[in-house]
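Notes for the structure review
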Amino acid sequence: MTSQRSAYTRLRRVLEHSNLTEALSAASEMEHVGLVEALELCLLLCDRAPEKYGRAALRWHGRYCRV
């Protein structure tokens, strides 16, 4: 399994368990985070670290508009 794939698998697992610290760590190891996973990260930030949510949501919206 490639490191990209294992980071994705870990990201999915920690998102399901709402572990923000581990999710951000796994996402940082990836070359590209998909739009769905990025939205899940935004929602997790909204719950766990609202001070970081606004910036993350704005970045997600920009990515969404480019699709």
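This text goes with the structure placed above it.
This write-up is about the structure you can find in this document. (Residues numbered from 1 in each chain as written. Predicted model: local features only at pLDDT ≥ 70, side-chain atom pairs only at ≥ 80, totals over all residues. Heavy atoms only, no water.)

Quick word on the packing of helix H2 (residues 20-28) against helix H3 (residues 35-48)
Basically, it comes down to this: In this analysis, axes come from line fits to C-alpha atoms, helices being fitted only over the stretch in contact, and the angle between any two N-to-C directions falls in the range 0 to 180 degrees. Strands here mean DSSP runs of E at least two residues long; helices mean DSSP runs of H or I at least four residues long; both are numbered from the N terminus. Working rule for handedness: look at the near helix, and if it is turned counterclockwise from the far one by less than a right angle, call the crossing left-handed; if clockwise, right-handed. Whether two residues are in contact is decided by their heavy atoms, any of which lying within 4.5 Å being enough.
Look at H2 against H3: their axes get within 10 Å of each other, and the N-to-C directions meet at 145°. When you trace H2 past H3, the crossing you get is left-handed. Taken together, the residues of H3 that come into contact with H2 (itself represented by Leu-20, Ala-23, Leu-24 and Ala-27) are Leu-41, Leu-44, Leu-45 and Arg-48.

So, the nonpolar core
The condition is simple: What makes a nonpolar core is a set of buried Ala, Val, Leu, Ile, Met, Phe, Trp, Tyr and Cys residues whose side-chain atoms join them at distances within 4.5 Å. Partly exposed describes any residue whose relative accessible area lies between the buried limit of under 20% and the exposed limit of over 50%, with all areas from a 1.4 Å probe on protein chains only and scaled to the type maximum.
Of all hydrophobic cores here, the largest spans 18 residues; its most connected members are Leu-11, Leu-15, Ala-23, Val-33 and Leu-41. Within the residue set of this core, elements represented by two or more residues are helix H1 (3-16), H2, H3 and helix H4 (50-66). Sorting elements by how many residues they give to this core places H3 first, with five residues. Discounting chain neighbours no more than four positions away, the residues touching Val-33 are Leu-11, Ala-27, Ala-38, Leu-41 and Arg-63.

As for the side chain of Glu-37
The residue Glu-37 is located in helix H3 in this model. The contact partners of Glu-37, leaving out residues within four places of it in the chain, are Tyr-8, Leu-11, Arg-12 and Leu-15.

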